[in-house]
2 protein chains.
Amino acid sequence: MNRYCVIMCGGVGSRFWPFSRTDRPKQFLDFFGTGRSLLQLTVERISSIVPPENIVLVTNRLYEPLIREQLPEIRQENILLEPARRNTAPCICWAANHIAALNPDAAIVTLPSDHLVLKEREFEAAILEGFDFVEKDDRLLTLGINPTNPNTGYGYIQQGTKVKGWQGIRKVKSFTEKPNREMAELFLKSGEFFWNSGMFLWSAKSILKAFDKYAPNIGNLFHAPDGIYGSAEEAAFIEKNFPNAQGISIDYAIMEKADNVYVKTVDLGWSDLGTWHALYEASPHNSDGNVTQNCKVLPTDCQGSIFATSSDKVIVVKGLKDYIVADSENALLIYPLEEEQKIRQIVNEIKSRFGDNFV
Amino acid sequence: MNRYCVIMCGGVGSRFWPFSRTDRPKQFLDFFGTGRSLLQLTVERISSIVPPENIVLVTNRLYEPLIREQLPEIRQENILLEPARRNTAPCICWAANHIAALNPDAAIVTLPSDHLVLKEREFEAAILEGFDFVEKDDRLLTLGINPTNPNTGYGYIQQGTKVKGWQGIRKVKSFTEKPNREMAELFLKSGEFFWNSGMFLWSAKSILKAFDKYAPNIGNLFHAPDGIYGSAEEAAFIEKNFPNAQGISIDYAIMEKADNVYVKTVDLGWSDLGTWHALYEASPHNSDGNVTQNCKVLPTDCQGSIFATSSDKVIVVKGLKDYIVADSENALLIYPLEEEQKIRQIVNEIKSRFGDNFV
């Protein structure tokens, strides 16, 4: 089997404070009360396509115990522990080098660990077709989502010409990470643009070639002498080189620049669950437009709000419109949903005023 | 020493949900983060006047473990455990009979266990003078508080003629428990009325005489053959008779009816802490009129609100005006302060929907 999966699970998820905490970020949480964390759901979702021995997890070393606890089926050598936080490009470059050393003919699907995918069949079909597509030629493929609003937090992919013989795959004309509002509105209106889901497919060879061409500062850092990757010396090599890598996303480092980028448009019932608002949208609403996340709530005169706490807690609340009420351990957030972009800043303030214990 | 103190500590305090819980009501809580519960503060306050062996606690038997934990200095035989909830009159009648059997010449100060008294010296002076007053003659004395608003939850005492030789003590002209709003406003306007603090002084003989005269149905129930009170047989006698007593307050049963009631007006920095609003009033406010009860709060655009949780929790909140935010263990209340009278009903609803564990 030449097919591999890299799951990125080192994020902090601070926008989901106080649910998401430094010591247990979003991907490790059972968000929907299903009994499985988002990371576990991600691994399950890909397991029908990629066997566990070909699933590679990249995370911050802080989270090793959580990974071992939640995913005992993943072998120790498949868990790559980053010594520092450097965004997605260095993470992807390391994983590709690691896998290429084990199998030079590897094809890789790279997945975030904290997204929601409701349509598992469509997901499976898209990944299978994606593998076929990138195994054929030197191509970088991303899965594109039909946008529903001018969200400025996503990357936007402008689709170009169709690729003959491949259903729903097109050449990418342009790739714009996090546009401003005005531009996002134009993109939405045009009908030519798709959101970048953050799910990528490529061969190990193609992505490493792209690093050498478009982000050589990162690519070079991960060039190791033969026999390092996959050996006991890999950790020391990474310890030395990884922290020197620029912290940059794969979108900025490669996808915006490369000329062999393709998009497969998919309808997966997808949400990146990147914000409380995204979670609100992705969750079932009651008749007042309230979302109750896994807890007991007695709301009076509340509309458009999301209530989230542990399942064994009761919330009695009156008169809130369009609010987040999120309670977790030693922190409680009561905040207007539309101002949630301030949460990151608040988390920093809490950290400096009250200490690490609260974030 | 003929001076005794009866502390009533069997209440449920459901108006303070979710802070006050069935298994740990208000009087057992460290309300102000002082390290001492309201009950412990009450015992400390009277200890300079009445020695521990003369302090009698009356509580529901549910709370025996809490009493033993919080007040190890009180002897087992001084803890009277009620087999049922019957309001204050039966509680006071039992305690007076119990004490009279030990010491027929006893004088008793009866205190609630869950009030706030800031001026300890004035308190001490008032109690000492009160003891002198009721030891002299067959008199029932209550401490009266200058009213600051037309609260309909209190008893109102109309003062009559001065009593010669006693500073600040007057005969009571009328006693009205929980008047309606209109009447309470008239009372306040007239300047003749005081709030009943629920702190009473009398001799054991006087209060027992009053029970026989004004509430004989209760008085008779507690007439025991000689040798029962203070003996091993007291518990069985109480077990049999106490549950048959009418559940009624001492105010309705005796104080409204008796013709030998006196009031000593006092300024004690007193609050009955009977409601969130009372707690709000009794607590220091910041410049936005918010009260922070023993917790870490980052408020934005909040005014006139009270925030209460455990000391090791942080609350981030925006845009609440005149709200209660109270978080305790498995329950969170976010409710307009002016509608707090609905909390009791809510507690019942929670109990029936989610079970005893949440109330």
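Bear in mind that the values here come from a model prediction, so they are computed numbers and not experimental data.

Trainee: Please clarify how empty space enclosed by the protein should be interpreted in this entry.
Mentor: Gaps between atoms show up when a probe of the same size as a water molecule is rolled over them. Residues and elements named next belong to chain A. Tallied over the entire structure, the rule returns two cavities of 30 Å³ or more. Its boundaries defined by the atoms lining it, the largest cavity holds a volume of some 50 Å³. Lining the largest cavity are T42, R45, L111, P112, H115, V117, F123 and M199. Among the elements of the structure, α1 (38-47) and β4 (107-112) are those that each provide at least two residues to the lining of the largest cavity. Looking at the lining of the largest cavity, its residues break down into five nonpolar, two polar and one charged. Size it by volume and the second largest cavity reaches roughly 40 Å³.

Trainee: Sorry if this is basic, but what is going on with the sheet that holds strand β17 (residues 331-336) of chain B here?
Mentor: Pairing between the strands of a sheet comes from backbone hydrogen bonds, and it takes one of two forms, parallel or antiparallel. Read from one edge of the open sheet, six strands run β13(A)-β15(A)-β17(B)-β16(B)-β14(B)-β12(B), paired in mixed fashion. Whereas interior strands pair on both sides, the edge strands pair on one side only; in this sheet they are β13 (296-300) of chain A together with β12 (291-293) of chain B. Each adjacent strand pair in this sheet contributes to an overall mean axis angle of 5°, direction not counted. The sheet contact formed by strand β14 (residues 306-308) of chain B and strand β16 (residues 323-328) of chain B spans three bridges and is parallel. Each bridged residue has a counterpart across the sheet, and for A308(B) the counterpart in β16(B) is A326(B).

Trainee: Please explain the relation of the copies chain B and chain A as it appears in this structure.
Mentor: The operation relating the pair of chain copies consists of a rotation about an axis and a translation along that axis. When chain B is brought onto chain A, the operation consists of a screw motion whose angular component is 179° and whose axial shift is 0.0 Å, with 0.1 Å RMSD remaining. Here the two chains are linked by the operation of a two-fold rotation axis.

Trainee: Looking at this structure, I do not really get helix α3 (residues 88-102) of chain B. What am I missing?
Mentor: Helical periodicity: at 3.6 residues per turn, an α-helix aligns residues three or four positions apart in one direction. Residue and element names in this part refer to chain B. Look at α3: 21 Å from first C-alpha to last across 15 residues, which is about the 21 Å you get at 1.5 Å a residue. Most of α3 sits inside the fold, with 12 of its 15 residues counted as buried. Those residues of α3 that fall on the buried side of the exposure criterion are A89, P90, C91, I92, C93, W94, A95, A96, N97, H98, I99 and A100.

Trainee: I tried to follow the interface of chain B and chain A on my own but got confused; where do I start?
Mentor: Note on interface size: it is often stated as the accessible area lost on association of the parts. Between chain B and chain A, the contact holds 31 residues from the first and 31 residues from the second. Around 2600 Å² of area is buried between chain B and chain A when both sides are counted, 69% of it from carbon and sulfur atoms. The three residues of chain B that bury the most area against chain A are V316(B), K318(B) and L332(B), which together make up 25% of that side's buried surface. Summed over the shared surface of chain B and chain A, the result is four salt bridges. Remark: the boundary between chain B and chain A carries 18 residue pairs in polar contact (both at pLDDT 80 or more).

Trainee: What should I look at first to understand the packing of helix α3 (residues 88-102) of chain A against helix α6 (residues 204-214) of chain A in this one?
Mentor: In a packed pair of helices, the relevant descriptors are the angle between the two axes and the axis-to-axis distance. Residues and elements named next belong to chain A. Where α3 meets α6, the axes come as close as 9 Å, and the angle between the chain directions of the two elements is 135°. Regarding the angle of α3 to α6, the classification is oblique. When you trace α3 past α6, the crossing you get is left-handed. From α3, A89, I92, C93, A96, N97 and A100 reach across to α6, where they touch A204, I207, L208 and F211. Looking at side-chain class alone, the contact of α3 with α6 contains nine nonpolar, one polar and no charged residues.

Trainee: Which parts of the structure should I look at to understand the sheet that holds strand β17 (residues 331-336) of chain A?
Mentor: Sheet architecture is open: six strands sit in the order β12(A)-β14(A)-β16(A)-β17(A)-β15(B)-β13(B), paired in mixed fashion. The sheet terminates laterally at β12 (291-293) of chain A together with β13 (296-300) of chain B, the two strands that pair on one side only. Adjacent strand axes in the sheet meet at a mean angle of 5°, parallel and antiparallel pairs treated alike. Summarising the sheet, strand β16 (residues 323-328) of chain A and β17(A) pair through six bridges and their orientation is antiparallel. Paired with D327(A) across the bridge in β17(A) is L332(A).

Trainee: Sorry, what's going on with the environment of L201(A) here?
Mentor: All names here are of chain A. Positionally, L201 belongs in strand β9 (residues 193-203). The class for L201 is buried, based on a relative accessible area of 0%. Between the C-alpha atom of L201 and that of F131, which follows or precedes it by 70 residues, the distance is 6.7 Å. Sequence-distant contacts of L201, that is, excluding residues within four places in its chain, are made with I108, V109, I127, G130, F131, V134, R139, L140, L141 and L143.

Procedures and definitions
- Residues numbered from 1 in each chain as written.
- Chains lettered and ligands numbered in written order.
- Predicted model: local features only at pLDDT ≥ 70, side-chain atom pairs only at ≥ 80, totals over all residues.
- Heavy atoms only, no water.
- 1 Å grid on protein atoms, 1.4 Å probe; cavity = no way out; pocket = protein on both sides within 12 Å on 5 of 7 lines; lining within 4 Å.
- Points joined across faces, edges and corners; volume = space filled by probe spheres on them.
- Helix = DSSP H or I, 4+ residues; strand = E, 2+ residues; numbered from the N terminus.
- Nonpolar A, V, L, I, M, F, W, Y, C, P; charged D, E, K, R; others polar.
- Pairing = 2+ DSSP bridges.
- Axes fitted to C-alpha atoms, helices over the stretch in contact; angles between N-to-C directions.
- Least-squares fit on C-alpha atoms with pLDDT ≥ 70 in both.
- Expected span 1.5 Å × (residues − 1).
- Buried < 20%, exposed > 50% of the residue type's maximum accessible area, 1.4 Å probe, protein only.
- Contact = heavy atoms within 4.5 Å.
- Buried area = accessible area lost by both parts, 1.4 Å probe.
- Salt bridge = Lys/Arg side-chain N within 4 Å of Asp/Glu carboxyl O.
- Polar contact = N/O pair within 3.5 Å; in protein donor to acceptor, adjacent residues only side chain to side chain.
- Parallel < 35°, antiparallel > 145°, perpendicular 65-115°, else oblique.
- Left-handed = near helix turned anticlockwise from the far one by under 90°.

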